[in-house]
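Structure assessment
Spelled out, the chains give:
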Amino acid sequence: MRKLDESLLTHLPPFSELGREQIREILDRATPQRYDTGDTVFHEGEEAGRFFLLLDGYVRVVRMTAEGEHVTVLHIAAGQLFGIAAALGNERYPASAVAASDTIALGWPMRLWHDFTATYPGFAASGYKTVGNRMEEIHKRVVEMATQQVEQRVANALLRLITQMGRRTDAGIEVDFPITRQDLSEMTGTTLHTVSRLLSAWEKRGIVESKRKHIMVREPHQLVMLAEPAVSS
DNA sequence: CCATTAAGCGACA
DNA sequence: TGTCGCTTAATGG
């Protein structure tokens, strides 16, 4: 295997404050790995043996309920760390990580998390910031789930997707990985039928456009309107 | 307002 | 040809 190029990491937050030598050392201990769409990077409850940096593609973080239903907790985009259980003091992964598209990730043994945070300035801070940002996002969603109706929740989920993992096209902003109605329903705590009906209705109004596994938002502003809590009743 | 059940259709491998 | 993604209608909580 060819040596990894240092430029892979130099702009990324966890490494941006590090020198070339330090990045070299970190890269030399990394194991690159490909995952096909749908592949599981690690399973919920598994011993947390490695942490990862997503180099390319998208990963979704999924929890399983007692009844065996999937709940998508959040999505990870390229450049972000994931599986950093050690930063949370966990011995096991609290959720599963599934490749939402074909992806490439770097993996390190979890014990190196402690080495890295102790040795490299900025690495720990960046890791905790990542954790903090995700906590905040999850908290927002908890409030959403408790207070908003399904249409608002789905609109919000779609807005987050195009904001964080959208690809601009001439006709609008498209979710940059294959996504089904089932996926959206697992993000919003509803059924694929309800998502299907909502998307059909939005499509008739020209707000979105979708083919199988593709969703494009043509009128983000309209979606923002829909995402706001209903005024009455 | 929304979940569930059921039926049917086209895309895809 | 079988599976998957999607749509729609009907029903009921």
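Shown above is the structure to which this text applies.
Residues numbered from 1 in each chain as written. Chains lettered and ligands numbered in written order. Predicted model: local features only at pLDDT ≥ 70, side-chain atom pairs only at ≥ 80, totals over all residues. Heavy atoms only, no water.

1. Let's talk about the packing of aromatic side chains
- Within this structure, the stated rule accounts for 14 aromatic pairs.
- Ring geometry for F42 and F52: centres 5.8 Å apart, planes at 20 degrees, overall stacked. Of this pair, F42 sits in strand β2 (residues 40-42) while F52 is found in strand β3 (residues 50-56), placing the two residues ten residues apart along the sequence. You'll find F42 and F52 in the same group, each marked buried.
- One aromatic cluster in this structure is built from F15, F51, W108, W113, F116, Y120 and F123. (Phe/Tyr/Trp six-rings, centres within 6.5 Å; stacked < 30°, edge-to-face > 60°. Helix = DSSP H or I, 4+ residues; strand = E, 2+ residues; numbered from the N terminus. Buried < 20%, exposed > 50% of the residue type's maximum accessible area, 1.4 Å probe, protein only.)

2. Observations regarding the protein's contact with DNA strand C
- All residues adjacent to DNA strand C are T180, R181, H193, S196, R197, S200, R212 and K213.
- Backbone sugar and phosphate groups make up 70% of those atoms of DNA strand C lying within 4 Å of the protein.
- A distance of 3.3 Å separates a phosphate oxygen of DNA strand C from a polar atom in the side chain of S200.
- The residue inventory of the surface near DNA strand C, partitioned by class, reads no nonpolar, four polar and four charged. (Near = heavy atom within 4 Å. Polar contact = N/O pair within 3.5 Å; in protein donor to acceptor, adjacent residues only side chain to side chain. Nonpolar A, V, L, I, M, F, W, Y, C, P; charged D, E, K, R; others polar.)

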